[in-house]
Amino acid sequence: MARKVMGAAEVRAAVAEVAEWLLVAESVTPERAAIAAAVRGTARALAADAPGHSVEVRVPPFVAVQCVEGPRHTRGTPPNVVETDARTWLLLATGLLDFDAAVESGALSVSGTRANEIAAWLPIVPLRPTGEQI
């Protein structure tokens, strides 16, 4: 099955659809399809911005992408993995959560010497805490 490629405007629109959920923790959780679109769009945008195969970013059950230039991983568990849940990923992708703070809190799991390199490409779609337009 081919992956649906989202343009920058589509990724921004997908993030805008879940923005209230990200900005207001007590807000109603968006539909699963909306969360999936935002997660997949931002993760694939990261992979496009940081092409390569050295780091695998996992946001189960929605997406796993490889990114960052370097040695290609082909079998078994990748040496450099970043894994988190959908909301934490979207908070990172929008700049509402700092990479190091997410790691320190345990919300973001990183393994390998190169996993933290994805922080250089965050945020993907900046979202302002004031609720201003993206």
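Report on the accompanying structure. As the structure is a prediction and not an experimental result, all values here were calculated from the model. (Residues numbered from 1 in each chain as written. Predicted model: local features only at pLDDT ≥ 70, side-chain atom pairs only at ≥ 80, totals over all residues. Heavy atoms only, no water.)

Notes on the packing of helix H1 (residues 8–23) against helix H3 (residues 86–93)
Geometry of a packed helix pair, given as the angle between the helix axes and the separation of the axes. Running from N to C, H1 and H3 cross one another at 105°; their axes reach a closest spacing of 11 Å. One way to sum up the angle between H1 and H3 is to call them roughly perpendicular. Side by side, H1 and H3 meet where Val-18, Trp-21 and Leu-22 of the first sit next to Arg-87, Leu-90 and Leu-91 of the second. Counted by class, the contact of H1 with H3 contains five nonpolar, no polar and one charged residues. (Axes fitted to C-alpha atoms, helices over the stretch in contact; angles between N-to-C directions. Helix = DSSP H or I, 4+ residues; strand = E, 2+ residues; numbered from the N terminus. Parallel < 35°, antiparallel > 145°, perpendicular 65-115°, else oblique. Contact = heavy atoms within 4.5 Å. Nonpolar A, V, L, I, M, F, W, Y, C, P; charged D, E, K, R; others polar.)

Quick notes on the nonpolar core
Ranked by size, the top nonpolar core spans 41 residues in total, and within it Val-39, Val-57, Cys-67, Trp-89 and Ile-118 carry the most contacts. Every element with two or more residues in this core is listed here: H1, helix H2 (32–49), strand S1 (55–59), strand S2 (63–67), H3 and helix H4 (99–105). Looking at this core element by element, the count peaks at nine residues for H2. Ignoring any residue separated from it by four or fewer positions in sequence, one finds Ile-118 in contact with Leu-46, Val-55, Val-57, Cys-67, Val-68, Val-82, Trp-89 and Phe-99. (Core = buried A, V, L, I, M, F, W, Y, C linked by side-chain atoms within 4.5 Å. Buried < 20%, exposed > 50% of the residue type's maximum accessible area, 1.4 Å probe, protein only.)

What about H3?
For H3, the buried fraction is high: seven of the eight residues fall into the buried class. What H3 keeps buried is the set Ala-86, Thr-88, Trp-89, Leu-90, Leu-91, Leu-92 and Ala-93. Buried-residue contacts for H3 involve H1, H2, S1, strand S3 (81–84), H4 and strand S4 (108–111). With a side-chain oxygen lying 3.1 Å from the backbone nitrogen of Arg-87, the N-terminal cap of H3 falls on Asp-85. Two residues or fewer past H3, Gly-95 is found with a positive phi of approximately 80°. (Polar contact = N/O pair within 3.5 Å; in protein donor to acceptor, adjacent residues only side chain to side chain.)

Looking at the sheet that holds S1
Sheet architecture is open: four strands sit in the order S2-S1-S3-S4, paired in mixed fashion. Looking at which strands have only one partner, the edges of the open sheet turn out to be S2 and S4. On average, each strand axis in the sheet is tilted by 15° relative to the strand beside it, whichever way the strands run. (Pairing = 2+ DSSP bridges.)

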